[in-house]
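# Examining the three-dimensional arrangement
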Amino acid sequence: MVRHYIFIFSLFFLNTFSLEAQQTGFSLFGQVQDEDGSGLMATISIHELGKGTLADLDGNFTFKNLRPGSYHLHITHVGYKSENKNIFIQEGDSEVKITLKESAIQLESLTIEANPFKNGPLEQSQTILVLDRDYLERNNGGTFANALEKLPGISTINTGVGIAKPVIRGMSFNRIMINDRGIKQEGQQWGADHGLEIDPFDVDRVEVVKGPSSLLYGSDGMAGVINISPPAFKQNDEIEASFTSMYRSNNDMFSNSIAIEGNEGDIIFGGRFTMQDFADYRVPANQFNYAGFILPINNNRLKNTAGRERHFSTMAGVKKDWGYSTLTVSKFDQEAGIFAGAVGVPNSYNLRHDGDFRNIDIPKQSNQHLKVLWNNSILINGNWVELDFGYQKNERREFSRPHTQEVGPDNPFGNLALALTLDVFTANARINKTHGQKGQSIIGFNSQFSSNEQSGFEFLLPNFQSFQGGLFYFREYKFSPNLILNGGLRLDGAYHDIQEHLQPIFERLRPTGETDQRNPDIQKEFFNGSASTGLSWVFSDNFNLKFNLGSAYRIPTPIELSSNGVHHGNFRHEVGNANLERERSYQSDINLAYSSKRFLISLSPFFGYYDGYIYLSPAARFSPLPGSSIIWEYRQNNAIFTGGELMSTFSPFKGFSINFGAEYVYNKNLDTGLPLPLTPPFSALTGIEYKLPEVARLLDNLYFFAEVRHAEDQNRVDRNERSTPGYTLLEAGLGGDIKIAKQEVKFQLSGQNLTNEVYFNHLSRYRLLNLPEQGRNISFSLKVPIAVRNKN
């Protein structure tokens, strides 16, 4: 089926070139000015074509050889609010005039990739946060997910310091979709100990969509979408390289990444290679309490939490006046130890120091993720067509001693406890049509085929094949430039074919020749619909009100339908439920924002009712499997989620800003009356930053910052879930640019948990072992940008 998709669209793609090549190009003339009418030397780019230019002293600019169609201009200038503008090229040249408003606060009015219309955040009815490369580099915590957790409404589920996954408004796993260059990331994301297989250095820009997004992306977008965008194309004859190095003291992490990107005669290319090596991480404690036993933490380090990572990516393509086509190949490779007390019952013997803090011993996990992505954006008869194809191969292997599961050493898998190999084929298409000045519409489909194979002496998830597909229509209507409404419908279908699994039975470490049926053959079909509507209203010039109302649904995953084994990442025996039905949600959220020259504040309350919410809950019986205790079963109950986020920025004078963010999530199982597990506590982040003007010829763009994170006690917990005390953490740092001869070097020195606070993260899987989080950490990073060739 996927081969047919590729063949059909390849013919379509080639035919497009021959038809479009006959059209004549036109010019766009424009001027950028301030509110007094003076010209600004702003940067202007056309999003769809990846073209950019710099206005002259009078603010004038020109783009030539544009084909008839709709385009999105993005205009930026330091000290002014960024602007987005839609333009329409018809049979002739066009002119445009843009006025920028002065602002001491950096507001991101960028083109939103997560939105199919590719316009700015003011046009969106959902709450969308945009993070650029500077933000991601300043907050690089060693994983991609950790770079996001300073945003209100975003938390992370951690496994030590090398594995983390995001949580949006209290929901994670298969309720959050990660889109990398238009393709949904698939990598056994159902596991708390399964991080995102994404190179944290290979992310240029991130858009976080909070709230229901199933309409555009499918059932896994119920809680939100994290959209990862590639860097903007370099202009013709530009080639740029960079080298980034980082050190983190807590686990002696050394990170190095080298990249190159360029444009040679409209041939665009790029590549990156990253290495990360880290040792056992430190905690401000020398013992911990588990199941009534006091166990040691030698040298304040958690044994066997070291790891290593090797990642690469490469991209090549063409950029023309009809659009672009790129092919990206990447591979994520990680080997990480698992804390010695995480498999089986921890004891003093297996927690003894082995003499090497960088040694990766058993138990451990090895993860590889290969991605091949083909992205196309083509202008056809004035409308933009986007075609995205992807292949992913995710290989996850977990190693442990067979005897801990009462399996003999002569088993055919050796120390390979669990291996999961997932192959995923994806094909997406969208057609964007412009309806003059009154808005846009889009029709599209998403399709995905997945095949999973398992092996190892343990069992958790069986072999399965799954197909999902959906068709959607979305319409944006502009009543006025300040009032925009949208709405859409989606139909989805899915089919799961899950194979029976018979697990060999061992007795006294020897096979008996008998088997235990862990799950039967399961075939499930699903068909359902989604809908949403919303508005964005700008009033009194400084206020923006957003409202979004949607109904989404989620398809039960194979792990929820058929799992039956010990999941060491969660320290429990998990059992699926083949009778699970679809999960339906009814969600609404509001965002009210006020912005002026020196002040910005936004409030985002939300509410969701979930019919048939799927979750894991402890059963009233013990597991018969070794290395486990109570059985946890997948169940369905009705539930509610509500809460909100607050963000504000105040800049009393140039270069100085005060930032504040707060978040709260409240949920409730309507059948039991109890909270749902893994609910993040109320937390607030307060920070200050001061950017200095040029202080010396060798030092530029110097800045200082300090932040305080406070989390309240989390006493609203599910049955058999630990409550977690609150904590307060301090972070501070400085950074800037050093000029050595003609070479610029960016640096940052920062410290996290500067008071070496002993605290617990309610969402950490190590919370189950009563283990504290990492102690004081000092980070130092350098980035050296190298202009190999400048634009002529």
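Refer to the preceding data block for the structure.
Residues numbered from 1 in each chain as written. Predicted model: local features only at pLDDT ≥ 70, side-chain atom pairs only at ≥ 80, totals over all residues. Heavy atoms only, no water.

### Considering the overall build of the protein
Each helix and strand counted, the protein has four helices and 42 strands in total. Computed over the C-alpha atoms, the radius of gyration of the protein is 27 Å, within 12% of the 28 Å expected from 2.2 N^0.38 for a compact globule of 792 residues. By its C-alpha atoms, the protein is 85 × 60 × 50 Å across when sized along the principal axes. Burial status across the protein gives 58% buried among its 792 residues. Within the protein, counting contacts between residues at least 6 apart in sequence, those at least 24 apart form 67% of the total. Accessible surface, the protein as shown: approximately 32,400 Å² in total, 56% of it carbon and sulfur. Put simply, the protein has 74 plus and 86 minus side-chain charges, and the middle of one group is 1 Å from the middle of the other. (Helix = DSSP H or I, 4+ residues; strand = E, 2+ residues; numbered from the N terminus. Rg over C-alpha atoms; globule rule 2.2 N^0.38 Å. Buried < 20%, exposed > 50% of the residue type's maximum accessible area, 1.4 Å probe, protein only. Contact = heavy atoms within 4.5 Å. Areas by Shrake-Rupley, 256 points an atom, 1.4 Å probe, with all protein chains shown as cover. Lys, Arg positive; Asp, Glu negative; His and termini not counted. Charge placed at Lys NZ, Arg CZ, Asp CG, Glu CD.)

### Some points on the nonpolar core
With 31 residues, the main nonpolar core has Phe 144, Leu 148, Val 206, Val 208, Ile 226 and Tyr 613 as its most contacted residues. Breaking this core down by element, the ones donating at least two residues are β8 (127-131), β10 (163-168), β11 (176-180), β13 (205-210), β14 (224-229), β35 (599-622) and β36 (630-653). Beyond its immediate sequence surroundings of up to four residues, Tyr 613 is in contact with Met 171, Arg 175, Glu 583, Arg 635, Gln 636, Asn 637, Ala 639, Phe 641 and Leu 676. (Core = buried A, V, L, I, M, F, W, Y, C linked by side-chain atoms within 4.5 Å.)

### What to know about the sheet that holds strand β1 (residues 26-33)
With mixed pairing, three strands are arranged side by side in an open sheet as β4-β1-β7. Bordering the open sheet on either side are β4 (60-66) and β7 (94-99), each of which pairs with just one other strand. Each strand axis lies, on average, 20° off the axis of its neighbour in the sheet, ignoring direction. Of the strand pairs in this sheet, β1 and β4 are connected by five bridges, and their pairing is antiparallel. Pairing of Leu 28 across the sheet is with Phe 63, part of β4. (Pairing = 2+ DSSP bridges. Axes fitted to C-alpha atoms, helices over the stretch in contact; angles between N-to-C directions.)

### A look at the pairing of strand β15 (residues 238-248)
Relative to strand β16 (residues 253-264), β15 is paired through 11 bridges, and the arrangement is antiparallel. Residue pairing for β16: Ser 245 is matched across the bridge by Asn 256. Here β15 hands over to β16 after four residues, with Asp 252 in that stretch at a positive phi of 50°. By the bridge criterion, 10 bridges tie β15 to strand β42 (residues 777-789) in an arrangement that is antiparallel.

### What to know about the sheet that holds β8
The sheet built from five strands is open, its strands ordered β8-β13-β14-β11-β12 with mixed pairing. Every interior strand has two partners, whereas the edge strands, β8 and β12 (183-184), have only one. Across two bridges, β11 lies against β12 in antiparallel orientation. Of the residues in β12, the one forming a bridge with Asp 180 is Ile 183.

### Some points on the pattern of salt bridges
Where charged atoms from two side chains of opposite charge approach closely, those side chains can pair. One pass over the structure, following the stated rule, counts 38 salt bridges. Between Asp 180 and Lys 371 there is a salt bridge; the shortest N-O distance is 2.4 Å. Taken together, the residues span a long stretch of sequence, with Asp 180 in strand β11 and Lys 371 in strand β22 (residues 364-380) at a distance of 191 residues. One salt bridge in this structure joins Lys 746 and Glu 744, with 3.6 Å as the shortest N-O distance. Within this structure, Arg 133, Glu 137, Asp 204 and Lys 783 form a network of salt bridges that share partners. (Salt bridge = Lys/Arg side-chain N within 4 Å of Asp/Glu carboxyl O.)

### Remarks on the side chain of Glu 633
Considering the arrangement of structural elements, one finds Glu 633 in strand β36. Classification of Glu 633 as buried rests on a relative accessible area of 19%. Those residues within four positions of Glu 633 in sequence are excluded, and the remaining contacts are Val 575, Tyr 615, Leu 616, Ser 617, Ala 619 and Arg 621.

### Some thoughts on a nonpolar patch on the surface
Nonpolar side chains collect at one region of the surface, where Phe 243, Ile 258, Phe 273, Met 275 and Phe 312 lie side by side and expose about 430 Å² of accessible area between them. By the secondary structure assignment, Phe 273 is in strand β17 (residues 267-278). (Patch = residues over 30% accessible without salt bridge, like charges linked within 9 Å, V, L, I, M, F, W, Y side chains within 5 Å.)

### A closer look at the side chain of Ser 764
In this fold, Ser 764 is placed in the loop between β41 (743-752) and β42. Ignoring any residue separated from it by four or fewer positions in sequence, one finds Ser 764 in contact with Asn 158 and Glu 773.

### A word on the packing of aromatic side chains
Aromatic ring pairs are defined here through the distance separating the ring centres and the angle between the ring planes. Following the criterion strictly, the structure yields 21 aromatic pairs and no others. Ring geometry for Phe 653 versus Tyr 690: centroids 6.3 Å apart, planes at 65°, classification edge-to-face. Of this pair, Phe 653 sits in strand β36 while Tyr 690 sits in strand β38 (residues 683-691); the two residues are 37 residues apart in sequence, bridging distant segments of the chain. What makes Phe 653 partly exposed here is its relative accessible area of 43%. (Phe/Tyr/Trp six-rings, centres within 6.5 Å; stacked < 30°, edge-to-face > 60°.)

### Considerations on the pairing of β16
In the sheet, β16 pairs with β17 via 11 bridges, with the strands oriented antiparallel. Each bridged residue has a counterpart across the sheet, and for Ala 259 the counterpart in β17 is Arg 272. As consecutive antiparallel partners, β16 and β17 are separated by two residues, and within that stretch Gly 265 has a phi angle of approximately 60°, a positive value.

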